[in-house]
Amino acid sequence: PEIVCDPLLDYNVWSSLQPINASGRLQPGQRLVLAATRVDSHSFFWNVAPGAEAAVGSFVALLAAAQALQAAPGSQSLPRNVLFVFFQGETFDYIGSSRLVFDMEQEKFPLRLENIGAFLELGQVSLRNSSVLWMHTDPVSRRNESVESQVQTLLDALRSSGSGSNVSLQEPGVSQPLPPSSFQRFLRSRSIPGVVLSDHRAAFHNRYFQSIYDTAENIRMRYPEGLSPEEQLEFVTDTAKALAEVATLLARALFSLAGGGTGTESIQADPKTVTRLLYGFLLNSNNSWFQSLIKPDQKGILGPFPQHYVAVSSPTNTTQLLQAVLGNLTGASVNLSREQCQNPGKTPGTQPELFEYWWVQGPLDGNSSSRIPGCVRSGVRLSPALSPAFELRRWDSREFSTWTESRWKDIRARIFLVASRELEV
């Protein structure tokens, strides 16, 4: 039969603080902290999805927190591991998170749901009023005493991480349900202690949620007049400073939840990284920094006005860029040749089951146009973000989303020149 539509699909991007064997399984007794956010957005118009407040501010803050935590002294020897997950397709009824929960239950992912000891999610965090961040929890699962005590531990860790910073943390009423969040999909399968951080209490501050107007201006990103694109990339905006504070708070909270003792004061997210990420994911991904982070064959994914719609052809530009950025922020530069980097299995000691290797373009060599390429080793992986309904071939599923996109058919016309009546005669 003729195919008339394709399912919305892409990949979730995930990484861990300490390396995880991607083809192995965590022991049932092992607990880790999961830090998550969404990546995609959409609007009324096809493929116009700037998503500045809906998604970009949050995943930029999580990227900066991942970098800060990786650089923290003692982070590699923490008793608990930390998993960073960036969910794709969340706008369309939680495609990415529902698929990850499904894969965990089917044992198609290195960890199971019982391995998650705590869940921290970043909701919309770019439009804070008076620097307040709201800590949303689930009133239903908190009726269980053991979950309630673990949630209190989570809230205490967040409060102590926020003390002395410009971020004040508050809780909405105990009976208020969770806002729309990926955490909901996990709670449907298991009672997990978790907190969703957002800039609103009971209603979105974002007037342009899922709109073409949710742009850099919506989150008050402003640059002085007359700056060149390169100067804009490096200019630290007030928005970047505010999001760096959120990233710092998150990194410190994750450090203490993972069993870290003292020394959280030294953990600091870099506002310079945040401002570059905001510029790259909202204004122009074709900038000198992003160019240095990607593989030589990925130049086509860079361009002005990046869009964060999940689409049907995967991985999308956003997913590939996110993978490259996360790998470079949390990975390490290793001394391997191009061939060794692209075929790590043939080189002893590379442990390809624990690490991914990327041959990146590297920064420009001085003032010349040539670059200094190199090999980056990181634990960043992709996992499918395709609704389980399509995996199970259950198109009438009431549990999993079944969003599709119509096949675009080319419309063609042929024009025939007809001779005049006199000529015909």
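Before any of the text, the structure's been laid out above.
All values derive from a computational prediction rather than experimental measurement.

*Asks:* Any chance you could break down the overall build of the protein chain for me, citing the residues and the numbers?
*Replies:* Helix and strand counts for the protein chain come out as 12 helices and 13 strands. Here the protein chain has a C-alpha radius of gyration of 23 Å; the compact-globule value for 425 residues is 22 Å, and the two agree. Taken along the three principal axes of its C-alpha coordinates, the protein chain extends 95 × 55 × 50 Å. For the protein chain, the residues scored as buried account for 54% of the 425 residues in total. Counting contacts in the protein chain only where the partners sit at least 6 residues apart, residues at least 24 apart contribute 76% of the total. Total accessible area on the protein chain stands at roughly 19900 Å², and carbon and sulfur atoms take up 50% of it. In the protein chain, 37 side chains carry a positive charge and 40 a negative one; their mean positions are 3 Å apart.

*Asks:* Help me get a handle on empty space enclosed by the protein, residues and values and all.
*Replies:* Counted under the stated rule, the structure contains one cavity of 30 Å³ or more. What the largest cavity holds in volume is close to 60 Å³. Every residue lining the largest cavity is listed: Met135, His136, Thr137, Arg142, Glu171, Pro172, Gly173, Val174, Gln176 and Pro177. Considered class by class, the residues forming the lining of the largest cavity number four nonpolar, four polar and two charged.

*Asks:* Can you lay out the layout of surface pockets for me, pointing to particular residues and giving the numbers?
*Replies:* Of the voids in this model, the largest pocket is the one considered here, and its volume is about 330 Å³. Around the largest pocket, the lining comprises 21 residues; the ones closest to its centre are Asn47, Gln307, Tyr309, Thr316 and Asn317. Residues of the lining of the largest pocket, tallied by class, amount to 11 nonpolar, nine polar and one charged. The computed volume of the second largest pocket comes to approximately 280 Å³. Lining the second largest pocket are 21 residues, with Arg38, Pro180, Ser181, Phe204 and Phe209 sitting closest to its centre. Residue composition of the lining of the second largest pocket, grouped by class: eight nonpolar, nine polar and four charged.

*Asks:* Got a sec to walk through the packing of aromatic side chains? Specific residues and values, please.
*Replies:* Applying the stated rule across the entire model yields 17 aromatic pairs. The cationic tip of Lys295 hangs over the ring face of Trp358; the distance from NZ or CZ to the ring centre is 4.3 Å.

*Asks:* Quick rundown of the packing of helix H1 (residues 52–71) against helix H7 (residues 271–283)? Include the residues and the values.
*Replies:* Two quantities define a packed helix pair, namely the angle between the axes and the distance from one axis to the other. H7 packs onto H1 with a crossing angle of 145° between their chain directions and a minimal axis gap of 10 Å. Relative to H7, the crossing made by H1 is right-handed. Here H1 contributes Ala52, Val56, Phe59, Val60, Leu63, Ala64 and Gln67 to the contact with H7, which in turn contributes Thr273, Val274, Leu277, Leu278, Phe281 and Leu282. Taken together, the residues that form the contact of H1 with H7 break down as 11 nonpolar, two polar and no charged.

*Asks:* Break down the sheet that holds strand E11 (residues 374–378) for me, citing the residues and quoting the values.
*Replies:* A sheet is described by the order of its strands in space; here three strands give the open sequence E9-E11-E10, paired in antiparallel fashion. Only two strands of the sheet have a single neighbouring strand rather than two, namely strand E9 (332–334) and strand E10 (356–360). Across this sheet, the average inter-strand angle for adjacent strands is 35°, counted without regard to direction. Note: E10 against E11, five bridges, orientation antiparallel. Of the residues in E11, the one forming a bridge with Trp358 is Val376. Contacts from helix H9 (residues 317–330) reach E9, E10 and E11 within the one sheet, and its direction differs from that of E10 by about 100°.

*Asks:* Run through the environment of Asn286, naming residues and quoting values.
*Replies:* Mapped onto the fold, Asn286 is located in the loop between H7 and helix H8 (288–293). As for Asn286 and Phe305, which are separated by 19 residues in sequence, their C-alpha atoms are 9.5 Å apart. Within the structure, Asn286 has its side chain in polar contact with the side chain of Gln291 (distance 2.8 Å).

*Asks:* Give a detailed account of the pattern of salt bridges, specifying residues and quantitative values.
*Replies:* Opposite charge on two side chains permits pairing when their charged atoms draw close. All told, the structure shown has 16 salt bridges when counted by the stated rule. Here Arg112 makes a salt bridge to Glu107, at a shortest N to O gap of 3.1 Å. Between Lys272 and Glu234 there is a salt bridge, with its nearest N and O atoms 3.6 Å apart. Taken together, the positions of Lys272 in helix H7 and Glu234 in helix H5 (residues 229–234) put the pair 38 residues apart, joining distant regions of the chain. In this structure Glu234 comes out as partly exposed when scored by relative accessible area, which is 24%. The network of salt bridges with common partners includes Arg142, Glu148, Asp156, Arg159 and Glu171.

*Asks:* Could you give an account of the sheet that holds strand E8 (residues 194–198), naming the residues involved and the relevant values?
*Replies:* Within a sheet, neighbouring strands are paired by backbone hydrogen bonds and run either parallel or antiparallel to one another. Here we have eight strands laid out as an open sheet, ordered E7-E6-E8-E5-E3-E4-E2-E12, and mixed in their pairing. In this open sheet, the two edge strands, each paired with only one partner strand, are strand E7 (168–170) and strand E12 (381–386). Looking at each pair of strands side by side, their axes are set apart by 25° on average, direction ignored. Here strand E5 (residues 116–122) pairs with E8 via four bridges, running parallel. Each residue of the ladder has a partner; that of Glu121, found in E8, is Val196. Taken strand by strand, helix H2 (residues 95–105) contacts strand E2 (9–16), strand E3 (32–38), strand E4 (81–87), E5 and E12, and its axis lies near 105° from that of E12.

Rules of the game
Residues numbered from 1 in each chain as written. Predicted model: local features only at pLDDT ≥ 70, side-chain atom pairs only at ≥ 80, totals over all residues. Heavy atoms only, no water. Helix = DSSP H or I, 4+ residues; strand = E, 2+ residues; numbered from the N terminus. Rg over C-alpha atoms; globule rule 2.2 N^0.38 Å. Buried < 20%, exposed > 50% of the residue type's maximum accessible area, 1.4 Å probe, protein only. Contact = heavy atoms within 4.5 Å. Areas by Shrake-Rupley, 256 points an atom, 1.4 Å probe, with all protein chains shown as cover. Lys, Arg positive; Asp, Glu negative; His and termini not counted. Charge placed at Lys NZ, Arg CZ, Asp CG, Glu CD. 1 Å grid on protein atoms, 1.4 Å probe; cavity = no way out; pocket = protein on both sides within 12 Å on 5 of 7 lines; lining within 4 Å. Points joined across faces, edges and corners; volume = space filled by probe spheres on them. Nonpolar A, V, L, I, M, F, W, Y, C, P; charged D, E, K, R; others polar. Phe/Tyr/Trp six-rings, centres within 6.5 Å; stacked < 30°, edge-to-face > 60°. Lys NZ or Arg CZ within 6 Å of the ring centre and 35° of its normal. Axes fitted to C-alpha atoms, helices over the stretch in contact; angles between N-to-C directions. Left-handed = near helix turned anticlockwise from the far one by under 90°. Pairing = 2+ DSSP bridges. Polar contact = N/O pair within 3.5 Å; in protein donor to acceptor, adjacent residues only side chain to side chain. Salt bridge = Lys/Arg side-chain N within 4 Å of Asp/Glu carboxyl O.

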